[in-house]
Amino acid sequence: MDRVVNAPTLATDRLTLRPHRIEDAARWYEIQSSPDVHKFTSWPERSRSESYAHLLHRTKHVKLLQANDFLALAIERDGQLLGDVSLHLRSVSLSSRTAEISWILHPDAYGQGYAREAAEAMMEFAFNEAKIQWLVAVIDQSNQASIALAKRLGFRAMSRDGDELSFVAGSLRE
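Residues numbered from 1 in each chain as written. Predicted model: local features only at pLDDT ≥ 70, side-chain atom pairs only at ≥ 80, totals over all residues. Heavy atoms only, no water.

Engineer: I'm lost on the overall build of the chain in this one. Help?
Structural biologist: The helix and strand tally for the chain stands at five helices and 10 strands. A globule of 174 residues ought to have a C-alpha radius of gyration of about 16 Å, and the chain, at 15 Å, matches this closely. Judged by the C-alpha coordinates and their principal axes, the chain covers about 40 × 35 × 30 Å. Partitioning the intrachain contacts of the chain with sequence separation of at least 6 by distance along the chain shows that 59% fall at a separation of at least 24. Surface exposure of the chain reaches about 9100 Å², of which carbon and sulfur atoms provide 48%. The average position of the 21 basic charges and that of the 23 acidic charges among the side chains of the chain differ by 2 Å. (Helix = DSSP H or I, 4+ residues; strand = E, 2+ residues; numbered from the N terminus. Rg over C-alpha atoms; globule rule 2.2 N^0.38 Å. Contact = heavy atoms within 4.5 Å. Areas by Shrake-Rupley, 256 points an atom, 1.4 Å probe, with all protein chains shown as cover. Lys, Arg positive; Asp, Glu negative; His and termini not counted. Charge placed at Lys NZ, Arg CZ, Asp CG, Glu CD.)

Engineer: Please explain the nonpolar core as it appears in this structure.
Structural biologist: When a protein is soluble and globular, its nonpolar side chains tend to lie buried together. Ranked by size, the top nonpolar core spans 41 residues in total, and within it Leu87, Ile101, Trp103, Leu135 and Phe155 carry the most contacts. Mapped onto this core, the elements with two or more residues apiece are strand E5 (70-77), strand E6 (80-91), strand E7 (98-105), helix H4 (114-128), strand E8 (134-140), helix H5 (144-152) and strand E10 (164-170). Looking at this core element by element, the count peaks at 10 residues for H4. Within the second largest apolar cluster, nine residues are counted, among which are Ile31, Val37, Trp43 and Leu81. (Core = buried A, V, L, I, M, F, W, Y, C linked by side-chain atoms within 4.5 Å. Buried < 20%, exposed > 50% of the residue type's maximum accessible area, 1.4 Å probe, protein only.)

Engineer: How should I be thinking about the pattern of salt bridges in this particular structure?
Structural biologist: Evaluated as defined, the whole model comprises 10 salt bridges. Of the charged contacts in the structure, one is a salt bridge between Glu30 and Arg27, with a shortest N-O distance of 3.1 Å. Taken together, the positions of Glu30 and Arg27, both in helix H1 (residues 25-33) and three residues apart, correspond to about one turn of that helix. According to the relative accessible area criterion, Arg27 is buried, its value standing at 12%. When salt bridges with common partners are traced through the structure, they connect Arg18, Arg21, Asp24 and Glu76 into a single cluster. (Salt bridge = Lys/Arg side-chain N within 4 Å of Asp/Glu carboxyl O.)

Engineer: Mind showing me how you'd approach the environment of Arg48 here?
Structural biologist: Counting through the fold element by element, Arg48 comes out in helix H3 (residues 48-59). Assessed through its relative accessible area of 56%, Arg48 is described here as exposed.

Engineer: Looking at this structure, I do not really get H3. What am I missing?
Structural biologist: Note on helix geometry: an α-helix contains 3.6 residues per turn, so any two residues three or four positions apart are oriented the same way. For H3, which comprises 12 residues, the first-to-last C-alpha distance of 16 Å matches the rise-based estimate of 16 Å (1.5 Å per residue) to within 8%. Within H3, the full set of buried residues consists of Ser51, His54, Leu55 and Arg58. Seen from one end, H3 has its buried residues packed into an arc of 95°, which puts them on one side. Tucked inside the fold, the buried residues of H3 contact H1, E5 and E6. (Expected span 1.5 Å × (residues − 1). Arc of directions from axis to C-beta.)

Structure, rendered in structure tokens:
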């Protein structure tokens, strides 16, 4: 990339997307420990202290500059952490700048449109501010809710690798 892209604070109608804070630790542990969340991630099961360390690490993911940089934003509503939306920069070439997007929500926030709202805001940031050309979403094939969301967001199926499906969306979406 030609410039550092720092983590923003983004506001939607109902949500604030912001860098993670260590004050989120208890709720972060609750989110990542939920069986409904854990079954769709590649994350290991974590103790409270391991979850705290994971969140501490996540608080430092606040910029995109070079390949493999990672930017994670907390999804918050009315002061409560609902989940996480992130970008993992894969390629920095101007003509094919690519990032992987992911979203995670606490199960009590499922079915209320929060993931879509957060993902749309992150996609707009990725395409307009980070100058991403292609966004990829890698989703467990059994995660029907995320697959449906990816399709509603304009992603198209690209490939299958074992139990994972890859979807792609470009900055010139129609």
